[in-house]
Amino acid sequence: MSRLVVVSNRVADLTDPVQSGGLAVAVKEALEARGGLWFGWDGNTVPAGTRIPPKITKVSGITTVTLPLTQRDYREYYLGFSNGVLWPMLHYRLDLVNFKSGYLKGYKRVNSKFADALSPFLKPDDIIWVHDFHLLPLGAELRKRGCRQRIGFFLHIPFCPPEILAAAPENEWLVRTLFAYDLVGFQTRTDLDNFRRYVEVHGGGSTDSIGVTSAFGAKTAIGCFPIGIDTDAFRAMATSPEAKARIRDLRKRILPRQLIIGVDRLDYSKGLPDRLRAYARLLEIYPENRKAVTFMQIAAPTREDVEAYGDIREELEQLSGAINGRFGDFDWTPLRYIHRHIPRKTLAVLFRESQVGFVSPLRDGMNLVAKEYVAAQDGRNPGVLVLSKFAGAAETLKEALIVNPYDVDEMAECLQKALGMPLEERKRRQKALLATIRKHDVHEWQENFLNALTNTPIATDRDDSDAVRARDATLLPHGV
Ligand code: GDG
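Residues numbered from 1 in each chain as written. Predicted model: local features only at pLDDT ≥ 70, side-chain atom pairs only at ≥ 80, totals over all residues. Heavy atoms only, no water.

S.K.: Please set out the site of the ligand residue by residue, giving values where relevant.
M.R.: Every one of the 27 residues lining the ligand counts as a neighbour, but His156, Ile342, Asp364, Leu368 and Glu372 are closest to it. The side chain of histidine 156 places a nitrogen or oxygen atom 2.6 Å from an oxygen atom of the ligand. Between the ligand and lysine 270 there is a distance of 3.0 Å, counted from an oxygen atom to a side-chain nitrogen or oxygen. Protein contacts shield 97% of the accessible area of the ligand, which totals 730 Å² for the unbound molecule. Sorting the residues of the shell around the ligand by element identifies strand E11 (258-265), strand E12 (293-300), helix H12 (344-352) and helix H13 (368-376) as the ones contributing at least two each. (Near = heavy atom within 4 Å. Polar contact = N/O pair within 3.5 Å; in protein donor to acceptor, adjacent residues only side chain to side chain. Areas by Shrake-Rupley, 256 points an atom, 1.4 Å probe, with all protein chains shown as cover. Helix = DSSP H or I, 4+ residues; strand = E, 2+ residues; numbered from the N terminus.)

Structural data, given as structure tokens:
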């Protein structure tokens, strides 16, 4: 079996159990299953001109190779183009895009540096798997350095419609770079369709019956690979003896109240303000829930150097204060709003003890929290998942209560329905949901992607002229 090389913006600290971020969790699981190398940024910044060789570490069969970013790279590539342009744009939020010039140049520069640093570690029969929006042009950069290995790319976040993407600087170049990969994977059919539409309109593209897309004079295989979780491992965490002891402790503090739980990185894509408003509306129109229900929202800090994140943090603090001020009493805090990282084991316990899992992103690639909530439930007395129709997970988790995350009244009605749902209906829904996330788990996801990458006809067909054409099609216009 070929060695697996994973490349992502950040390499998680494999020894730290308090990780957040769907990618970190999923990739670690994929690498543990196969062994291999994980390459990316170490999370540190250094002054320009500092020369630090990549750091190599080995943890539980996985070799990590990491390097720092310069402060300028951090500003332009990470905060600027990745999180200030691509993240909002691909989540359909043109209103939040920061079009400052210079960011794209930094983005190209770091992708080029990554390719330089990674190339010496590659072996001829490696299979390379590049992750997410920070690294769209990495494949093209590796090809420019003569890399002929199979390279696949997976986009963890949505791919927005072409009408939105058209507003991105050099959007044709961005999409064209994807044609240096042998396989490009998306989370959902919607993302795949948006990509296809883009290349039809802007690249004269067409897709054949086996999923090979030709556009911009090049070709790549495309596919839909909905990510899952390690369902059984998460379930085990929620039912361990340690978890049971924690549950007993939690019951003493919170019960007999019903618990609604929300867990997210504090990100504007997650729909948190409207979620809080929906809870306030529930208490307003169904006053029987006052003192009978608690909503616990965990909002883990993330990307705090990006301006839009400071704004949403302030909004949430104001909203939570207003809700507790309006409805709270000396013996009841209606909303427990927690702005910090919580250990994963604690999350599993909280999910299991909550009667409602409230997941309402305005747009989300997949949303692993929805799946973790289902995995943690007790089949004899399960809770109810309330899920946004704009989470990728809604394409498969059909037995959840599906809501429009922009419609506060509808969400309040759904919460009420979830809190009062009869046991038999809860059991029926939970059984179906659990079967789905067991079948389509993280192991299936990585196997499907890697099998597709191993078998794609593109790489087999790649001859010298193909390689040259792909390289020429993706040459960086500014020569960085
Ligand atoms: C991206 C895409 C896609 C959250 N808070 C804490 C914590 N978490 C964990 C959750 C879950 C993960 O982080 C979040 O995953 P999501 O999928 O919900 O969202 P993103 O981080 O935005 O992930 C997303 C994913 O990539 C995978 O492809 O599904 O659409 O945006 O595992 O439990 N974990 C801990 N403490 C916290 O406070 N330990």
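S.K.: Report on helix H3 (residues 103-118), specifying residues and quantitative values.
M.R.: With 16 residues, H3 ought to run about 22 Å at 1.5 Å a step, and its terminal C-alpha atoms sit 23 Å apart, in line with that. Burial analysis of H3 places 13 of its 16 residues in the buried class, which makes it a mostly covered element. (Expected span 1.5 Å × (residues − 1). Buried < 20%, exposed > 50% of the residue type's maximum accessible area, 1.4 Å probe, protein only.)

S.K.: Tell me about the environment of proline 158, and please be specific about residues and values.
M.R.: Within the secondary structure, proline 158 is located in the loop between strand E6 (150-154) and helix H5 (162-165). Given a relative accessible area of 2%, proline 158 falls into the buried group. On a C-alpha basis, the gap between proline 158 and alanine 391 in space is 9.3 Å, while along the polypeptide they are 233 residues apart.

S.K.: Before we move on, can you summarise the pairing of strand E13 (residues 335-338) with the specific residues and values?
M.R.: By the bridge criterion, 4 bridges tie E12 to E13 in an arrangement that is parallel. The residue of E13 that forms the bridge with glutamine 297 is tyrosine 337. Read as a crossover between parallel neighbours, the route from E12 over helix H11 (residues 307-327) to E13 is right-handed. (Pairing = 2+ DSSP bridges. Right-handed = clockwise from strand over helix to strand, strands pointing away.)

S.K.: So, empty space enclosed by the protein: which residues are in play, and what are the values?
M.R.: What the rule picks out here adds up to 2 cavities of 30 Å³ or more. Taken as a whole, the largest cavity holds about 70 Å³ of empty space. Lining the largest cavity we find Leu86, Leu90, Leu136, Leu155, Phe159, Leu165, Leu174, Val175 and Leu178. Counting residues per element, the ones that place at least two in the lining of the largest cavity are helix H2 (71-90) and helix H6 (171-177). Partitioned by chemical class, the residues of the lining of the largest cavity number 9 nonpolar, no polar and no charged. Reported here for the second largest cavity is a volume of approximately 60 Å³. Every residue lining the second largest cavity is listed: Tyr373, Val374, Gly383, Val384, Leu385, Glu399, Ala400, Leu401, Arg426, Arg429, Gln430 and Leu433. Contributing elements (two or more residues each) for the lining of the second largest cavity: H13, strand E15 (384-388) and helix H15 (423-439). No other element matches the 4 residues that H15 contributes to the lining of the second largest cavity. (1 Å grid on protein atoms, 1.4 Å probe; cavity = no way out; pocket = protein on both sides within 12 Å on 5 of 7 lines; lining within 4 Å. Points joined across faces, edges and corners; volume = space filled by probe spheres on them. Nonpolar A, V, L, I, M, F, W, Y, C, P; charged D, E, K, R; others polar.)

S.K.: An account of the sheet that holds strand E8 (residues 206-207) is needed here, citing residue identities and associated values.
M.R.: Taken together, the 10 strands give an open sheet; going across it, the order is E3-E4-E2-E1-E5-E6-E7-E10-E9-E8, and neighbouring strands pair in mixed fashion. This sheet does not close on itself; its edge strands, each paired only once, are strand E3 (55-59) and E8. Taken together, the 2 bridges between E8 and strand E9 (residues 212-215) define a ladder with antiparallel strand orientation. Opposite serine 206, over in E9, you have serine 214 as the bridge partner. Sitting on the sheet, H2 is in contact with strand E1 (4-10), strand E2 (36-46) and strand E4 (62-70), with an inclination near 100° to E4. Against the sheet, H3 contacts E1, E2 and E4, and its axis sits at roughly 130° relative to E2. (Contact = heavy atoms within 4.5 Å. Axes fitted to C-alpha atoms, helices over the stretch in contact; angles between N-to-C directions.)

S.K.: Which residues make up the packing of aromatic side chains, and what values do they have?
M.R.: In the structure shown here, the tally under the stated rule is 25 aromatic pairs. Judged by centre distance (5.1 Å) and plane angle (55°), the ring pair of tryptophan 41 and tyrosine 78 falls under tilted. Placement of tryptophan 41 in strand E2 and of tyrosine 78 in helix H2 is noted, with a sequence separation of 37 residues between them. With a relative accessible area of 2%, tryptophan 41 lands in the buried category. Judged by its relative accessible area of 13%, tyrosine 78 falls in the buried class. Ring centres of tryptophan 87 and phenylalanine 133 lie 5.6 Å apart, and the angle between their planes is 55°; this geometry places the pair in the tilted category. Of this pair, tryptophan 87 sits in helix H2 while phenylalanine 133 sits in the loop between strand E5 (127-131) and helix H4 (138-144); the two residues are 46 residues apart in sequence, bridging distant segments of the chain. The exposure class of phenylalanine 133 is buried, given its relative accessible area of 1%. An aromatic cluster is present here, built from Phe39, Tyr77, Phe81, Tyr107 and Phe114 joined pairwise through their rings. Over the ring of tryptophan 41 we find arginine 10; its NZ or CZ atom is 5.4 Å from the centre of that ring. The cationic tip of arginine 275 hangs over the ring face of phenylalanine 358; the distance from NZ or CZ to the ring centre is 5.8 Å. (Phe/Tyr/Trp six-rings, centres within 6.5 Å; stacked < 30°, edge-to-face > 60°. Lys NZ or Arg CZ within 6 Å of the ring centre and 35° of its normal.)

S.K.: Requested: an account of the nonpolar core, with residues and values cited.
M.R.: Of all hydrophobic cores here, the largest spans 99 residues; its most connected members are Ile260 and Tyr279. If one sorts the elements of this core by residue count, H2 sits on top with 10 residues. Not counting chain neighbours up to four residues away, the residues in contact with isoleucine 260 comprise Tyr279, Leu282, Val293, Thr294, Phe295, Met296, Val356, Phe358, Leu415 and Leu419. Counting residues in hydrophobic clusters, the runner-up holds 58 residues, among them Leu183, Ile229, Leu368 and Leu397. (Core = buried A, V, L, I, M, F, W, Y, C linked by side-chain atoms within 4.5 Å.)

S.K.: Got a sec to walk through the pattern of salt bridges? Specific residues and values, please.
M.R.: Going through the model one piece at a time under the given rule, you end up with 33 salt bridges. We note a salt bridge from arginine 246 to glutamate 242, for which the minimum N-O separation is 3.6 Å. Of this pair, arginine 246 and glutamate 242 both sit in helix H9 (residues 241-254), 4 residues apart, which is roughly one turn of the helix. Between arginine 281 and glutamate 284 there is a salt bridge, with its nearest N and O atoms 2.2 Å apart. A residue pair is termed a helical-turn pair when its members lie 3 or 4 positions apart in one helix, as arginine 281 and glutamate 284 do in helix H10 (residues 272-285) at 3 residues. A relative accessible area of 25% places arginine 281 in the partly exposed class. (Salt bridge = Lys/Arg side-chain N within 4 Å of Asp/Glu carboxyl O.)

What is shown is where atoms sit, not what they do.
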